[in-house]
Amino acid sequence: MLGRQLKLLRERAGLSQPEFGALVGYGPDQISAMERGVRTPRPEFLIKADPILGANRMLIAVIPDVEEAMTRARTRHPEWYRDYAGLEALAVSLHDYSTMGVLGLLQTEEYARAVFTQRHPPLDEETITKRVADRLSRQQIFERWPLPEFSFVMEQAVLERPIGGHEVHQGQLRHLLHLGRMRNVQLQVMPTGRAEHPCLDNSFTLLTPKGKDQVGYMESHGYPRLIVDREEVRILAARYGIIRAQALNPHESLELIEKMLEER
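Residues numbered from 1 in each chain as written. Predicted model: local features only at pLDDT ≥ 70, side-chain atom pairs only at ≥ 80, totals over all residues. Heavy atoms only, no water.

(A) Representation of the packing of aromatic side chains in the model. As enumerated under the stated definition, the model contains 7 aromatic pairs in all. Centre to centre, the rings of Y26 and F45 are 5.0 Å apart; their planes meet at 75°, and the pair counts as edge-to-face. Of this pair, Y26 sits in the loop between helix 2 (17-24) and helix 3 (28-35) while F45 is found in helix 4 (residues 43-52), placing the two residues 19 residues apart along the sequence. When sorted by exposure, Y26 lands in the same class as F45, which is buried. Where F142 meets F150, the ring centres are 4.6 Å apart and the plane angle is 40°; that geometry is what we call tilted. Taking the relative accessible area as the measure of exposure, F150 reaches 2% and is therefore buried. (Phe/Tyr/Trp six-rings, centres within 6.5 Å; stacked < 30°, edge-to-face > 60°. Helix = DSSP H or I, 4+ residues; strand = E, 2+ residues; numbered from the N terminus. Buried < 20%, exposed > 50% of the residue type's maximum accessible area, 1.4 Å probe, protein only.)

What follows is the structure, given as structure tokens:
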């Protein structure tokens, strides 16, 4: 309902999604997701949007309901994933190395839908829609203040794999460029041509929840593992440091993505 109201107010104000997004500091994909009800508008967004859309404090009035919805969203993930999702929502830093596909935290809605649609055994449409919405809801961590620190390293093959087809792939690459230009995000690419590599095992994530020790997380064929042993976390952190050192630097990585967009 709130998404539909946002769309009506935006159209009444004569603003396109990109124009409105520029005024509130959000991308058009994020505006679209909020208007379609797959992304919960954060309170700070509603405070910015209210005067721009001439809502006369209507959007501000629903903030308590939005905060309640965000609290409920913390328990919407599958039970096996819930512990990690809770830690991720509180992270002050998050670092990830991806080998097979774009990390869920970085996916566009279309890419995420393609991933779940291609899952085998097949998922029903209701489950796909719910999982896409759950995945997009996690991305609100990028809008939290104070800003968490993020770094992402992905294999070049991840960028070359056209999940969902040409248009979805192009949109995903553009989204990565957008995220990679955020001041609290470092995005790097590990070139396929590297002759040496410190980790040919699996993808993994390192995150530090506020006020807690750093933990690790990895997943294989739907089997998750939350790593809290300090020695295991130390080894992963050391390995991640070497991966970052061997990858292209953030500037070179964004240039590579831009080149891929131009060539397709």
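Once the structure has been displayed, the description carries forward.
(B) Seen up close, the packing of helix 2 against helix 3. Helix 3 packs onto helix 2 with a crossing angle of 105° between their chain directions and a minimal axis gap of 8 Å. One element, helix 2, and the other, helix 3, form an angle in the roughly perpendicular class. Residues Q17, P18, F20, G21 and V24 of helix 2 lie in contact with helix 3, whose contacting residues are P28, I31, S32 and E35. Class assignment of the residues belonging to the contact of helix 2 with helix 3 gives a composition of 5 nonpolar, 3 polar and 1 charged. (Axes fitted to C-alpha atoms, helices over the stretch in contact; angles between N-to-C directions. Parallel < 35°, antiparallel > 145°, perpendicular 65-115°, else oblique. Contact = heavy atoms within 4.5 Å. Nonpolar A, V, L, I, M, F, W, Y, C, P; charged D, E, K, R; others polar.)

(C) Structural context of the environment of T205. The topology assignment puts T205 in strand 4 (residues 204-209). Take T205: its relative accessible area is 5%, and that puts it in the buried class. Taking the C-alpha atoms as reference points, T205 and K259, separated by 54 residues in sequence, lie 27 Å from one another. Filtering out sequence-adjacent residues up to four positions away, T205 remains in contact with Y84, L94, H95, D96, V215, G216 and Y217. Here the side chain of T205 touches D96 through a polar contact of 2.5 Å, side chain to side chain. (Polar contact = N/O pair within 3.5 Å; in protein donor to acceptor, adjacent residues only side chain to side chain.)

(D) Broad picture of the pairing of strand 6 (residues 223-227). Pairing analysis gives 5 bridges linking strand 5 (residues 215-220) to strand 6, with the strands arranged antiparallel. In the strand pairing of strand 6, G216 is matched with I227. In this antiparallel pair of consecutive strands, strand 5 and strand 6, the connection spans 2 residues, and H221 shows a positive phi of 50°. (Pairing = 2+ DSSP bridges.)

(E) Summary view of the side chain of Q30. With respect to the helices and strands, the residue Q30 is situated in helix 3. Setting aside anything within four residues of it in sequence, one finds Q30 in contact with R39, E143 and H178.

(F) Up close: the pattern of salt bridges. For the coordinates displayed, the defined rule picks out 10 salt bridges. When the shortest N-O distance is used, the salt bridge between E231 and R234 registers 2.8 Å. Linking E231 with R234, this pair stays in helix 12 (residues 230-246), spanning 3 residues, or about one helical turn. The partly exposed category is assigned to R234, whose relative accessible area is 47%. (Salt bridge = Lys/Arg side-chain N within 4 Å of Asp/Glu carboxyl O.)

(G) Quick look at the sheet that holds strand 4. A sheet is described by the order of its strands in space; here 6 strands give the open sequence 3-2-1-4-5-6, paired in mixed fashion. Two strands close off the open sheet at either side, each with one partner strand: strand 3 (185-190) and strand 6. Averaged over all pairs of adjacent strands, the angle between their axes in this sheet comes to 15°, without regard to strand direction.

(H) Seen up close, helix 3. Across the 8 residues that make up helix 3, a large majority, 6, are buried. Within the span of helix 3, buried status applies to Q30, I31, S32, A33, M34 and E35. Lining the buried residues of helix 3 we find helix 1 (2-12), helix 2, helix 4 and helix 11 (166-180). G37 sits one or two residues past helix 3 and shows a positive phi near 80°.

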